[in-house]
Amino acid sequence: MNSPVATSMILDIAFQPIVELASGRVYGYEALGRPRTSGGEALSIGVLLAQARAAGELLALDRALRRRALECIVRSPRDPELRWFLNVDSRCADSPGYSPGYTRRVLAELGAPELQIVIELGEQDPLLDRERLAAMYPSYASQGFSIALDDFGAGHATLSRLVEVRPQFVKLDPALVHGVADDPMRASLLRAFAGFAAEAGIVLVAEGIEREEDLTFVLTAGIPLGQGYLLGRPAPLDRAA
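The structure presented is a predicted model; accordingly, all values stated were derived computationally and were not measured. (Residues numbered from 1 in each chain as written. Predicted model: local features only at pLDDT ≥ 70, side-chain atom pairs only at ≥ 80, totals over all residues. Heavy atoms only, no water.)

Engineer: Go over the packing of aromatic side chains, please, and point to the residues and values.
Structural biologist: Following the criterion strictly, the structure yields 7 aromatic pairs and no others. On the basis of an interplanar angle of 20° and a centroid distance of 5.6 Å, the ring pair of Tyr29 and Trp84 is categorised as stacked. Taken as a pair, Tyr29 in strand S2 (residues 26-36) and Trp84 in strand S3 (residues 83-88) lie far apart in primary sequence, 55 residues in all. Exposure class is identical for Tyr29 and Trp84. Each is buried. Judged by centre distance (4.9 Å) and plane angle (15°), the rings of Phe152 and Phe193 are stacked. (Phe/Tyr/Trp six-rings, centres within 6.5 Å; stacked < 30°, edge-to-face > 60°. Helix = DSSP H or I, 4+ residues; strand = E, 2+ residues; numbered from the N terminus. Buried < 20%, exposed > 50% of the residue type's maximum accessible area, 1.4 Å probe, protein only.)

Engineer: Run through the sheet that holds strand S5 (residues 146-152), naming residues and quoting values.
Structural biologist: Taken in spatial order, the 8 strands line up as S1-S2-S3-S4-S5-S6-S7-S8 and close into a barrel, and their pairing is mixed. Bridge count between strand S1 (residues 10-20) and strand S8 (residues 225-226): 2 bridges; the pairing is antiparallel. What sits directly across from Glu20, in S8, is Leu225. (Pairing = 2+ DSSP bridges.)

Engineer: Run through the pairing of strand S4 (residues 116-121), naming residues and quoting values.
Structural biologist: Burial analysis of S4 places 5 of its 6 residues in the buried class, which makes it a mostly covered element. Pairing between S4 and S5: 4 bridges, direction parallel. Paired with Val118 across the two strands is Ser146, which belongs to S5.

Below, the structure is given as structure tokens:
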């Protein structure tokens, strides 16, 4: 198998807006890897990460994606108030070469230490376990980064992980959000969780908003932030909504 981080691969980054629902203002962007071959063929980021992990190159790929995202951000005009959500695969903590401080070092190299970075944990890791969290979370917190627990409600981002991580942000899985306006049980669940999050000081992001009805529901339920195709599709930063 060719190296998943071979130099012939191009690591494009798309940015999807995260919107403040009450005002419609863009609150921040999530950076999403969009790799392709040198011939222009799109590659699945999920497959690529799996290949990299099997080849022992997950840490290298994860860091390459993060550096590329930060380079794109630094090159573009930007509002200093924007938050930048970067996915970090927590399985990188298993890599022999893992050490804390990489993101902060890249920010220093790029001359952008002031960027407001939110580290997203959980998207690719069904074993978001206590040991990995213990290896990663205190380091990111001590460097001044905010933490988002991603895909909450998908199975691996559970209530126990929420209590262990104590994140500043929780991103609700699209499976909970899409169609919620038509599903009384999910609606009750999200309203209850919105109340809990407000009391606990956690900022909720409803992912997967694709319908006006669901947008109206999450707004009236008190969920402050949203993300989804209805609000903006992933795009290069100079074309992002």
